[in-house]
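# Working through the structure, step by step
Chain by chain, the residues run as shown.
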Amino acid sequence: MGNVERVDKTLPTNEMVYYVRKDPELRKRWNTDREGVCREFGLSQIEIDALMGEPNPKILMDIGVHQYLIPHILRLTYGETGMTNTHPALTAYQKAFPDESKAAIGGSKWDLAEEKNG
Amino acid sequence: MAKIVGAMATTHTPGLLGWFKDAPEDQQEAAINAFSKMRAYMADRDANVMIVFSNDHLLNWPINNLPSYTVGIGSEHVGPADWYDSWLNQEEKYRVAGHPELARYIVNACAKKGLSTAHLRDMKFDDGISVPTCWLNPDNKMKLVPISINAACPPIPTPAEVYEVGKLMREVIQSFPSDDRVVLVGSGGLSHEPGGPRYFHIDDDFDQWFLDLMAEGDHEKVLRECTFEKMEEAGSGGTVELIAWILVMAATKGPATVLDYVKSYSWRCASGWVVWPKVL
């Protein structure tokens, strides 16, 4: 089974992100009243906990958030532009999936471990 | 009747617009040259319409209502969608002429032939349509008909299914009463796993194998060997976008010409570009 097949199509988070992304007011509220937005869309407490603070991509994936939407959640949280590998959304992935990330970009200029060692 | 005068396929990684210059110069040059060859291919064939098949990244439809195929029937298309513009480094929207007569004909003729498609008058564009539009039609000389495929959520159409849809679309387009000269563009792939655990992963063995298949031109072999599972293994949720290439392949005959291949960790995606010299 591929990762994309792990999605829970009925998870309220997956519907919420669709609407938050396209609504400037909801986008603004994401960083001022995130919990309130989540409650309006009927998210469970497990989902809300996963979305508070600095969302962890692995936890989001484990509860059934669609993988396409996770970078968007991270963009909402950390900023919209410049999705290079140094964007906080991407460093969040390196932290959440260290083995998978190391297998691809270990030892490169983007490798967080290299940055620490350097 | 309208003629299909060409067919080609390209990657649409957002890095090709959003953070293009983050990649090494040789990778940038490869992309620039490949797109340039594709524009020349369309000019040589005097094409006036691009039908771009891509996948919708959960932009136009919420996850509780995902059609397998959606046709953009607007008279003008504007992109990228808000929220995607800064991501794609397109602070100024592009505006491209649509072809509502052809697009609406496709919707209705497909329905009569048993293929259900959704349609939108105001289709929103992310990287899937924006990348080929900005690179292949920068001066808005060509009309655009965008058609999206669900590659996001199960059940994702299989290669065999999209190939049959490609054959049906070819018949429909060629029965449209006009002098239009149409180029089909498949947009998606190559190996990548957008937003998945292996977000940085690229499987160049798979990519080379797939491009060799395209160059071989044996459609039955493509359908037999390029399975959903194999694409998922090469990068879940992203590599399977190659069904857009397979759909377009159904309107071609013989080998594709591979223009180039780039394995770019900067763009978090392998990029490839092909054109088919012969179309049916």
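### Observations regarding the overall build of chain A
For chain A, the count of helices and strands is nine helices and zero strands. When its helices and strands are written in sequence order, chain A yields α-α-α-α-α-α-α-α-α. The C-alpha atoms of chain A give 15 Å as radius of gyration, which agrees with the globular expectation for 118 residues (13 Å, within 12%). Considering only residue pairs separated by 6 or more positions, chain A has 44% of its internal contacts joining residues 24 or more positions apart. On chain A, roughly 5600 Å² of surface is accessible, and the fraction owed to carbon and sulfur atoms is 50%.

### With respect to the overall build of chain B
The helix and strand tally for chain B stands at eight helices and ten strands. With the C-alpha coordinates of chain B rotated into their principal frame, the extents come out at 45 × 45 × 45 Å. A buried classification covers 65% of the 280 residues belonging to chain B. In chain B, 83% of the contacts between residues at least 6 apart in sequence involve partners at least 24 apart. When the accessible surface of chain B is summed, it comes to about 9900 Å², and 47% of that surface belongs to carbon and sulfur atoms.

### Side note on the pairing of strand 5 (residues 94-97) of chain B
Residue and element names in this part refer to chain B. Side chains of strand 5 alternate between two faces, with Tyr94 and Val96 buried and Arg95 and Ala97 left unburied. Pairing of strand 4 (residues 76-79) with strand 5 involves four bridges; the strand directions are antiparallel. The residue bridging histidine 77 from the neighbouring strand is valine 96, located in strand 5.

### Some thoughts on the confidence of the model for chain B
Per-residue confidence for chain B gives a mean pLDDT of 97; residues scoring 70 or more make up 100%. Across the interfaces of the predicted complex, the ipTM metric reaches 0.94, alongside a pTM of 0.97.

### Comments concerning the interface of chain B and chain A
Contacts between the two partners involve 38 residues from chain B and, on the opposite side, 36 residues from chain A. A combined buried area of about 3400 Å² lies between chain B and chain A, and 63% of that area is made up of carbon and sulfur atoms. Across the chain B-chain A interface, the total number found is 17 residue pairs in polar contact (both at pLDDT 80 or more).

### Comments concerning the side chain of B:Asn55
Assignment of secondary structure puts B:Asn55 in strand 2 (residues 49-55). Judged by its relative accessible area of 4%, B:Asn55 falls in the buried class. A polar contact is formed between the side chain of B:Asn55 and the side chain of B:His57, at a distance of 3.2 Å. There is a polar contact of 3.2 Å between the side chain of B:Asn55 and the side chain of B:Glu241. Discounting chain neighbours no more than four positions away, the residues touching B:Asn55 are A:Tyr68, B:His12, B:Asp126, B:Ser148, B:Ile149, B:Ala151, B:Ser187 and B:Glu241.

### Notes on the environment of B:Gly74
Residue and element names in this part refer to chain B. Within the secondary structure, glycine 74 is located in the loop between strand 3 (69-72) and strand 4. Put simply, glycine 74 and aspartate 122 are 48 residues apart on the chain and 6.0 Å apart in space, counted from C-alpha to C-alpha. Ignoring any residue separated from it by four or fewer positions in sequence, one finds glycine 74 in contact with Gly98, His99, Pro100, Leu120 and Arg121.

### Quick word on the packing of helix 1 (residues 12-22) of chain A against helix 6 (residues 69-78) of chain A
All names here are of chain A. Axis separation between helix 1 and helix 6 bottoms out at 10 Å; the angle between their running directions is 50 degrees. One element, helix 1, and the other, helix 6, form an angle in the oblique class. Relative to helix 6, helix 1 is oriented so that their crossing is left-handed. Between helix 1 and helix 6, the residues in contact are Thr13, Asn14, Val17, Val20 and Arg21 and Leu69, His72, Ile73 and Leu76, respectively. Its residues assigned to classes, the contact of helix 1 with helix 6 comprises five nonpolar, three polar and one charged.

### Observations regarding the sheet that holds strand 8 (residues 181-187) of chain B
Strands pair in a sheet through their backbones, by hydrogen bonds, and they do so in one of two ways: parallel or antiparallel. All names here are of chain B. On the basis of which strands lie adjacent, the open sheet formed by eight strands has the order 6-3-7-2-8-1-10-9 and mixed pairing. Two strands lie at the open edges of the sheet, namely strand 6 (118-120) and strand 9 (257-264), each paired on one side alone. The mean inter-strand angle of the sheet, taken between neighbouring strand axes irrespective of direction, is 20 degrees. Here three bridges tie strand 3 to strand 6, and the two strands are oriented parallel to one another. The residue of strand 6 that forms the bridge with glycine 72 is leucine 120.

### Digging into the nonpolar core
Judged by nonpolar contacts, the single largest core of 82 residues is most densely connected at A:Met16, B:Met8, B:Leu16, B:Met42 and B:Trp273. When residues of this core are assigned to their parent elements, the largest contribution, seven residues, is made by helix 1 (residues 25-44) of chain B. The contact partners of B:Leu16, leaving out residues within four places of it in the chain, are B:Thr11, B:Ala31, B:Phe35, B:Val131, B:Trp135, B:Trp267, B:Ser271 and B:Trp273. Grouped together as the second largest cluster of nonpolar side chains are 59 residues, B:Ile73, B:Ala103, B:Ala250 and B:Ala270 included.

### Topic: the environment of B:Glu164
Residue and element names in this part refer to chain B. Inspection of the secondary structure puts glutamate 164 in helix 4 (residues 159-174). The partly exposed category is assigned to glutamate 164, whose relative accessible area is 44%. Note: C-alpha distance between glutamate 164 and leucine 88 (76 residues apart in sequence) is 33 Å.

### What about helix 6 of chain A?
Helix 6 of chain A sits mainly inside the fold: nine of its ten residues count as buried. Among the residues of helix 6 of chain A, those classed as buried are A:Leu69, A:Ile70, A:Pro71, A:His72, A:Ile73, A:Leu74, A:Arg75, A:Leu76 and A:Thr77.

Procedures and definitions
Residues numbered from 1 in each chain as written. Chains lettered and ligands numbered in written order. Predicted model: local features only at pLDDT ≥ 70, side-chain atom pairs only at ≥ 80, totals over all residues. Heavy atoms only, no water. Helix = DSSP H or I, 4+ residues; strand = E, 2+ residues; numbered from the N terminus. Rg over C-alpha atoms; globule rule 2.2 N^0.38 Å. Contact = heavy atoms within 4.5 Å. Areas by Shrake-Rupley, 256 points an atom, 1.4 Å probe, with all protein chains shown as cover. Buried < 20%, exposed > 50% of the residue type's maximum accessible area, 1.4 Å probe, protein only. Pairing = 2+ DSSP bridges. pLDDT = per-residue confidence, 0-100. Buried area = accessible area lost by both parts, 1.4 Å probe. Polar contact = N/O pair within 3.5 Å; in protein donor to acceptor, adjacent residues only side chain to side chain. Axes fitted to C-alpha atoms, helices over the stretch in contact; angles between N-to-C directions. Parallel < 35°, antiparallel > 145°, perpendicular 65-115°, else oblique. Left-handed = near helix turned anticlockwise from the far one by under 90°. Nonpolar A, V, L, I, M, F, W, Y, C, P; charged D, E, K, R; others polar. Core = buried A, V, L, I, M, F, W, Y, C linked by side-chain atoms within 4.5 Å.

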